[in-house]
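Here is how the chains run, residue by residue.
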Amino acid sequence: MNDSFKKIAKTIKKSNSIALFTHISPDMDALGSSMSLYYAIKSLGKKVSIFVKDNITETQATLVDTNVFEKDCNQSEYDLFISTDTPSQKRLGDYAKIFIAGQRKIVLDHHLNDDLKGDLNFVDTSYSSCSEISYQVIKELKVKITPQIASYVFMGLSSDTNAFTNSNTNASSFKTAYELTIANADITNINELLYKTHTTKEIDLKKFLYNNYHLENGICFCLVTCNDLKKLNATKADCDFFSSELINMQGANFAFSIIESTPSFYEISLRSKHGYNVRDVAEKFGGGGHICAAGAKLKYESIEKLKDTLVDTIKYSGEWWLQMV
């Protein structure tokens, strides 16, 4: 059972120093949900720190003030620890032990929660983004919703709904977007950077994607090795959009990318059309996520063998393969 936004806000107000965390390889929603809270709590005159170790993409760096990121967390300096957009301990990376051992903890998320629990929790998969959940907490804090705070919330909301086109978009998504517009969120700049601007690196990555994708029996996929990343001068985070791009292919009900982030260590990103479940697939590889968007990280013998195993797992998940044959 979820704790109320009012109770969560009251706990934040009673705290003196707050540490904020989100998941490894943060996406726009991870950044939007944590950064909006950071500036809202800061406006209360509290000591607040946000901890991010992983590199972010060029587009993210354009929208996010990375100068506020801290890497080393001294647990004893904080009396409240907040995690956003993170469904499991392992997704907190190096900060997992610090968070778990924290004096008092709050977990905010819109994924099915695995093993990450706080003293207070609000985990609800009906929200299309965690940024919306952070927004509800911020409203209960009774702080001014500045254009900066509104922009971070909108950034996460728009990104996780893919400009309000994904199946997770609902009435609440549009209502929140309306309120953020009234609060002068910089919608024009966010939309320009997220959907209308492409760096030369992004163009090169799209060339690679469209030259190397495969579509077989309703499953569209692309494999990216360490050598590929090196040739493209790219990181795993730069390729995170691959699966979202592939699911738009006509005839694709499932899509995935496998990226070899380090030798023999692979990151799977899964997407599906409405009515098809990739969360169950991801869980079989130690991951998780949403019904239509999920992922996993694991060591494996080779990228080709992992691809074959993943394709077989998708084929025989639920009733989908029975309908195809």
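Residues numbered from 1 in each chain as written. Predicted model: local features only at pLDDT ≥ 70, side-chain atom pairs only at ≥ 80, totals over all residues. Heavy atoms only, no water.

1. Re the overall build of the protein
Put simply, the rule is: The numbering of helices and of strands both runs from the N terminus, where a helix is a DSSP run of H or I of at least 4 residues and a strand a run of E of at least 2. To get the radius of gyration, use the C-alpha atoms; to get the globule rule, take the number of residues to the power 0.38 and multiply by 2.2 Å. Here's how the labels work: a residue is buried when its accessible area is under 20% of the maximum for its type, exposed when over 50%, partly exposed in between, all with a 1.4 Å probe on protein chains only. Counted as positive: Lys and Arg. Counted as negative: Asp and Glu, with His and the chain ends omitted from the count. To locate a charge, take NZ of a lysine, CZ of an arginine, CG of an aspartate or CD of a glutamate.
On a plain count of helices and strands, the protein comes out with 14 helices and twelve strands. Its C-alpha atoms give the protein a radius of gyration of 19 Å, near enough to 20 Å, the size a compact globule of 325 residues would have. Overall, the C-alpha framework of the protein stretches about 60 × 40 × 40 Å when taken along its three principal axes. Buried residues in the protein amount to 53% of all 325 residues. Counting 36 positive and 39 negative side-chain charges, the protein places the centres of these two groups 5 Å from one another.

2. Considering the sheet that holds strand S6 (residues 120–123)
For clarity, the threshold we go by: In this scheme, strands are said to pair when DSSP sees at least two bridges between them. Contacts were defined at the residue level, with two residues in contact if any of their heavy atoms lie within 4.5 Å. Note on definitions: angles span 0 to 180 degrees between N-to-C directions of axes, and those axes are lines fitted to C-alpha atoms, for helices only across the stretch in contact.
If you trace the six strands from one edge of the open sheet to the other, you get S3-S2-S1-S4-S5-S6, paired in parallel fashion. Because the sheet does not close on itself, it has two edges, and the strands there are strand S3 (69–70) and S6. Note: strand S4 (residues 80–84) against strand S5 (residues 105–109), four bridges, orientation parallel. The residue bridging Thr84 from the neighbouring strand is Leu108, located in S5. Sitting on the sheet, helix H1 (residues 5–14) touches strand S1 (17–22), S4, S5 and S6, and the angle it makes with S6 is about 135°. Here helix H5 (residues 130–140) sits on the sheet in contact with S4, S5 and S6, set at roughly 130° to S5.

3. Thoughts on the nonpolar core
The test is simple: Buried Ala, Val, Leu, Ile, Met, Phe, Trp, Tyr and Cys residues that are joined via side-chain atoms within 4.5 Å together make up what is termed a nonpolar core.
Ranked by internal contacts, the top residues of the largest apolar core, which has 51 residues, are Ile12, Phe69, Ile82 and Leu108. In terms of residue count, the dominant contributor to this core is helix H2 (residues 28–42) (eight residues). Residues within four places of Ile12 in sequence aside, it is in contact with Ile18, Ile41, Lys46, Leu80, Ile82, Ile106, Val137 and Leu141. In this structure, Phe221, Phe285, Leu298 and Val311 belong to the second largest nonpolar core, which totals 21 residues.

4. Some remarks on the sheet that holds strand S8 (residues 219–224)
In spatial order, the strands read S7-S8-S9-S10-S12-S11; together these six strands make up an open sheet with mixed pairing. Edge positions in the sheet fall to strand S7 (214–216) and strand S11 (288–289), since each has one partner strand and no second. One ladder, built from two bridges, connects S11 with strand S12 (residues 293–299); its direction is antiparallel. By the bridge assignment, Gly289 is partnered in S12 with Ala294. Where helix H9 (residues 200–212) meets the sheet, it contacts S7 and S8, and its direction lies at approximately 125° from that of S8.

5. Let's talk about the environment of Asp238
Note the threshold: Two N or O atoms count as a polar contact when they lie within 3.5 Å, although within protein this holds only if one can serve as hydrogen donor and the other as acceptor, and sequence-adjacent residues are included solely when both atoms are side-chain atoms.
Topologically, Asp238 is positioned in the loop between helix H10 (226–232) and helix H11 (242–246). Considered as a pair, Asp238 and Glu58 are 180 residues apart in the sequence and their alpha carbons are 8.3 Å apart. Setting aside its immediate chain neighbours within four residues, Asp238 contacts Thr57, Lys201 and Leu205. In terms of polar contacts, Asp238 uses its side chain to reach the side chain of Lys201, at 3.5 Å.

6. Re the pairing of S12
Here S12 shows a clear split, with Ala294, Ala296 and Leu298 buried on one side and none of Ala293, Gly295, Lys297 and Lys299 buried on the other. The pairing of strand S10 (residues 265–272) with S12 spans seven bridges and is classified as antiparallel. Residue pairing for S12: Leu270 is matched across the bridge by Ala294.

7. Structural notes on the packing of aromatic side chains
Defined as follows: For Phe, Tyr and Trp, where Trp contributes only its six-membered ring, two rings pair if their centres lie within 6.5 Å, and the inter-plane angle classes them as stacked under 30 degrees, edge-to-face over 60, or tilted in between. Only when the NZ of Lys or the CZ of Arg is both within 6 Å of the ring centre and within 35 degrees of the ring normal is a charge said to sit over the ring.
By the definition in use, this model includes 16 aromatic pairs. On the numbers, 6.3 Å between centres and 70° between planes, the contact of Tyr78 with Phe81 is edge-to-face. For the residue pair Tyr78 and Phe81, the accessibility class agrees, reading buried in each case. Look at Phe221 and Phe256: their rings are 5.1 Å apart centre to centre, the planes differ by 5°, and that puts the pair in the stacked class. Here Phe256 lies in strand S9 (residues 254–262) and Phe221 lies in strand S8, a separation of 35 residues in the sequence. Comparing Phe221 with Phe256, the two get one shared label, buried. Above the face of the Tyr78 ring, Lys47 is positioned so that its terminal group lies 4.8 Å from the ring centre. A cation over an aromatic ring shows up here: Lys53 above the ring of Tyr95, its NZ or CZ 5.3 Å from the ring centre.

8. Examining the environment of Val68
Along the chain, Val68 turns up in the loop between helix H3 (58–63) and S3. Separated by 18 residues in sequence, Val68 and Ile50 place their C-alpha atoms 7.0 Å apart. Not counting chain neighbours up to four residues away, the residues in contact with Val68 comprise Met35, Tyr38, Tyr39 and Ile50.

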